[in-house]
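This is what each chain is made of:
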2 protein chains.
Amino acid sequence: MSFVLDPRLEASTFAIGDLGLSRLLLMNDARFLWLILAPRRAGLTEIVDLGAPDRAALMEEIAALSQWLRRRAGTDKINVGALGNIVAQLHVHVIARRIGDPAWPGPVWGAGAAQPYEEGTARELAREIAGDLIN
Amino acid sequence: MSFVLDPRLEASTFAIGDLGLSRLLLMNDARFLWLILAPRRAGLTEIVDLGAPDRAALMEEIAALSQWLRRRAGTDKINVGALGNIVAQLHVHVIARRIGDPAWPGPVWGAGAAQPYEEGTARELAREIAGDLIN
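Residues numbered from 1 in each chain as written. Chains lettered and ligands numbered in written order. Predicted model: local features only at pLDDT ≥ 70, side-chain atom pairs only at ≥ 80, totals over all residues. Heavy atoms only, no water.

(A) Up close: the interface of chain A and chain B. Opposite the 30 residues of chain A that make contact, chain B presents 30 residues. Carbon and sulfur atoms supply 58% of the area that chain A and chain B bury against each other, a total of about 2700 Å² over both sides. On the chain A side of the interface with chain B, the three residues burying the most area are Met59(A), Lys77(A) and Asn85(A), jointly 24% of the side's total. Our enumeration of links across chain A and chain B arrives at six salt bridges. Of the charged contacts, one joins Arg55(B) and Glu60(A) as a salt bridge, the two residues approaching to 2.7 Å between their closest N and O atoms. (Contact = heavy atoms within 4.5 Å. Buried area = accessible area lost by both parts, 1.4 Å probe. Salt bridge = Lys/Arg side-chain N within 4 Å of Asp/Glu carboxyl O.)

(B) Local environment of the packing of aromatic side chains. Residues and elements named next belong to chain B. Counted under the stated rule, the structure contains three aromatic pairs over all chains. Both rings, one in Phe32 and one in Trp34, keep their centres 6.1 Å apart while their planes meet at 70 degrees; by these two values the pair is edge-to-face. With respect to class, Phe32 is no different from Trp34; both count as buried. (Phe/Tyr/Trp six-rings, centres within 6.5 Å; stacked < 30°, edge-to-face > 60°. Buried < 20%, exposed > 50% of the residue type's maximum accessible area, 1.4 Å probe, protein only.)

(C) Quick peek at the environment of Ala88(A). Residues and elements named next belong to chain A. Within the secondary structure, Ala88 is located in the loop between β4 (77–82) and β5 (92–97). Residue classification places Ala88 among the partly exposed positions, given a relative accessible area of 33%. In this structure, the C-alpha to C-alpha distance between Ala88 and Glu46, residues 42 residues apart in sequence, is 8.4 Å. Those residues in contact with Ala88 that sit more than four places away from it in its chain are Leu44 and Thr45. (Helix = DSSP H or I, 4+ residues; strand = E, 2+ residues; numbered from the N terminus.)

(D) Structural view of the relation of the copies chain A and chain B. When chain A is fitted to chain B, the best match, at an RMSD of 0.0 Å, comes from turning it 180 degrees and sliding it 0.0 Å along the axis. Expressed as a symmetry operation, the mapping of one chain copy onto the other fits a two-fold axis. Closest to the rotation axis within chain A is the C-alpha of Gly81(A), separated from it by 2.1 Å. With an isologous cut-off of 70% or more, the 100% of interface residues of chain A that recur at the interface of chain B puts this contact in the isologous class. (Least-squares fit on C-alpha atoms with pLDDT ≥ 70 in both.)

Take a look at the structure:
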C-alpha cells in the first residue's frame with residue numbers, strides 16, 4: 001500500500017514538496033502562517049504508529065518548520081498539533097501564532113472559517129518555503 | 001536556573017512523577033483521559049528550543065503515553081498538542097479521544113469547563129499511571 005494524501009487534506013492545502021519523511025503542505029488559510037507535515041507512510045493515524053526512526057525524523061521536521069516560522073513570521077508562539085479527529089490520516093500542524101491573531105489565545109482548529117489565499121500569493125509563498133526547507 | 005512547574009499548570013493538574021525528560025501530569029478534567037508532559041528544562045517555551053537529544057526523548061515520551069492511553073482507554077484518536085498560548089512554559093498534551101466525547105470532533109482546548117476529579121479518584125489514577133509509566 002503506497003502513500004496517498006487524504007483528499008480532504010489535499011483540498012484544503014497547497015503542496016510545497018517532500019521532506020525526508022513528510023509531504024509539506026501550506027494550509028489554505030491566509031489568517032495564519034500554517035504548515036502541515038503528512039508523513040508519507042500509508043495507513044497510519046497516530047504518531048506512535050510510526051517506527052522509532054520515523055518518529056525521530058518527524059520531530060526534526062517539526063523543529064525545522066518551527067525555526068523557519070519563527071524567523072519568517074516573528075512568532076509569539078508556535079503551535080504544534082497532531083489531532084486527526086476529522087481527517088484521521090496522520091498529519092502534524094505547525095503554526096505561527098501572534099498575540100491578537102484571529103484565534104488568539106485559543107487553538108486555530110475550529111476557529112471560524114478559513115480565509116483562502118489568492119492563488120498567486122499561495123504559490124509564491126509555497127515556492128519560498130520550498131526554497132528554504134526542501135533540499 | 002532550575003526547572004519549576006508553572007503554577008497554573010500545577011493548579012490544574014495532579015503530578016504523577018518524573019520521566020527521563022519530563023514531569024508527567026494528569027489534567028484535572030474527568031471528561032477526558034488527558035496527560036501532560038512538561039520537560040524539566042527551565043525557561044523554554046517551544047519544542048525547537050530543546051536540544052536534539054531532548055527532542056528525541058520528548059518524542060519517545062509522547063509515544064509511550066500514546067501507547068498507554070490506547071491500551072487503557074481504547075482511544076478512537078490520540079490528540080497530541082504543544083500550544084502554550086495561555087501558559088507559555090513548554091508542555092505537551094497527550095489526550096485520549098473517543099467519538100462522542102464532550103468536545104468531539106473539536107479540540108479539547110477551550111471546550112467548556114473542566115470537570116474536576118474526585119480527589120481520591122485522581123490520586124488512584126495517578127498511582128496507576130505511575131505504576132505503568134514511571135520506572
